[in-house]
Structure formats: C-alpha cells, structure tokens
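Take a look at the letters that make up each chain.
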Amino acid sequence: MMSKIRFLVEKRESTPTESLHSAEAPNVGAIIAFDVLYFAGLISLAVILLTACFSARVRRQSTWYMVIGSWFLNSLASLILVGQQTGPFPRFATCLAQAVLIDSTPVLCAFYAGAFALEVYLSALLALKTNSTISRAYLILIHAVPWAAFIGVLSITTNYGLQNPTIIDKYPAGFFCWNAVPNDWRKYLIGGAVVIGILTSIILEALILLTLRHTWKHLGNLSTINRDKPYISPDSIARMIIFSIGIVVALALTFLQYLTLPTINEDTALGLVQATLPCFAALVFGSQKDILQVWLPRRLFSAA
C-alpha cells in the first residue's frame, strides 16, 4: 500500500503541472491578507482555548472546546502552503494534505456546531426537568459523530486525490491547494454534510429558545441553571446564535467554492471572506466576561 502511494506521489511530481485555471498571476497583496487573517484567527483561538483549559474561572461544556478546536484546525489547514503560494507548484504530498484538510475541516466545524447546540439543549432540558446531567455514554456519542464524519470525508478525499493526482491544484488566487474539479459527487457529499451540521445547529437553537423562554421568567430556576451550568445563560445562547449566522455565511461560501469553478476575482473575494470566519469565532467566544477577566485588570469589571 505504501509503495503504491509513493508511486502515485512520484508520478504526480514528475508530471508537468497544467492548472485548470488561467495562468494569471495571483494577487500577492490578497495572499498576504489571507495569511494574516488566518494567523490572527489561529493565535486568537489558541489563546481562548488555553485560557479556558487552564483558568479555574472559565467553565465550558466539552463541545465548546471542540468548536474552538475545529476552527483552530481549519485555520491551521489553510496555512499549510504559506511560503509556497506563489512560484512553482509545491510538492504533491504537501498540496494533497492541504486539499483533503480543506475539504474535511468544514465538515468537522459544521458537525461540532450541531454537537455544541445539542449538548446545550440536552443540558438545559435535563437540568430543568430532572435536575440531572448528560450521561458519559451519550456525551461520547455526541463527540463520536463529528469525528466519524470528518474521518470519513478525509478518507474519501485522500483516496480520490491519490487515485487522480492531476485534480489536486492551487486555487486560482493561490491561497491553498484543493480538488479543482467542479460538480464532483464528493463535493456534493461534503456540501451536504455541512448543510446537515448547520441545519441541526439551527433547529436545536430554536428548541433551546423555546425550552428556556418560560424558564427565564422564573428567576429562581434561572439562577439555579446559571450557577450549575454557567454556559446556559442568555448571553451564551445569544453568542451561539450569532456564531451560527457566521456559519450560514460559511455554508453559502462552501457551496460557491465546491459546486463551481470560480474566476480568480471571485476566488479572491471568497477566500478573504472565509479567512475572516476564525477571527469571527474568536471574537464571539473570546469576548465573554469570564475569559476577559482572566486577561484584563480586575478594576475594569469591579467598576462596572
């Protein structure tokens, strides 16, 4: 198996590169902006994740960590080609690795958005009705589904890239490598998986609002939930919904990217908008009071 993979990689690297796009030179300024945005998102998400992990003040459910982690992985995947985005075609192994991650990490992000909403919904429901928590078995299952989807897409796209190495190409603006064949059934599969994750998140958020709408009128119940489950609060729910709006934008961009073959100008705009999403996630989840209190002087909050 390894010898076959090595043969396919060597065959691709020895084959003259014929891009499926025009030979127009990429916009170096746009590439720099793309990299800066993803680096900013990567660092911000890392700081938020480490703060939540090591600060006793910050309490979050397990899927919250994985939402942040999935976008961190998405940012990391988008930066694999840094330093090789202009000039000769990069090594095929590097390009293939990025292409399969570019395809698979949106699925992980979308499914963990749904898993995040599901854990909040079940936590709120159980806390209100039976004063209990989600069992460990159900929690493992909630985490298993996003990873199973991610690994499935990763396997399919890796196998397809190895069997058809000429379809792995640079995106027109030079930001990253991808599967350059439009209207491929695998792209429909990826787009459909992203849709499932986002729709699940939106439906569950509606159920959360319906479940908590009457409860918030009773201050006793609300104070109990906020004390035992600090992530189930009006502020946290609002942030989750705001974040979902950004995910819907990502969903629309995913369809444009996966189901068409954009021009270089369209590609540049799509890539730069996508590059803002990790920063958006960092802004939404990193601006909560308990996280800010870890880094900012205490007097700013005591005065408020």
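A brief look at the structure comes next.

Cut-offs and rules
Residues numbered from 1 in each chain as written. Predicted model: local features only at pLDDT ≥ 70, side-chain atom pairs only at ≥ 80, totals over all residues. Heavy atoms only, no water. Helix = DSSP H or I, 4+ residues; strand = E, 2+ residues; numbered from the N terminus. Buried < 20%, exposed > 50% of the residue type's maximum accessible area, 1.4 Å probe, protein only. Contact = heavy atoms within 4.5 Å. Areas by Shrake-Rupley, 256 points an atom, 1.4 Å probe, with all protein chains shown as cover. Patch = residues over 30% accessible without salt bridge, like charges linked within 9 Å, V, L, I, M, F, W, Y side chains within 5 Å. Salt bridge = Lys/Arg side-chain N within 4 Å of Asp/Glu carboxyl O.

### Regarding the overall build of the protein
No. 1: For the protein, the helix and strand inventory stands at 12 helices and two strands.
No. 2: Listing the helices and strands of the protein from first to last along the sequence gives α-α-α-α-α-β-β-α-α-α-α-α-α-α.
No. 3: Taken over 304 residues, the protein has a buried fraction of 47%.
No. 4: Once local pairs closer than 6 in sequence are excluded, the contacts in the protein between residues at least 24 apart make up 81%.
No. 5: Carbon and sulfur atoms make up 68% of the accessible area of the protein, which totals about 14600 Å².

### So, a nonpolar patch on the surface
No. 1: A cluster of nonpolar side chains, namely Phe39, Ile43, Val47, Val82, Val294, Trp295 and Leu296, defines an oily patch on the protein surface of about 610 Å² accessible area.
No. 2: Where the nonpolar patch is concerned, the elements lending two or more residues are helix H2 (28-54) and helix H11 (289-295).
No. 3: For the nonpolar patch, the leading source of residues is H2, giving three residues.
No. 4: Structurally, Leu296 can be placed in the loop between H11 and helix H12 (299-303).
No. 5: With relative accessibility at 36%, the residue Leu296 sits in the partly exposed group.

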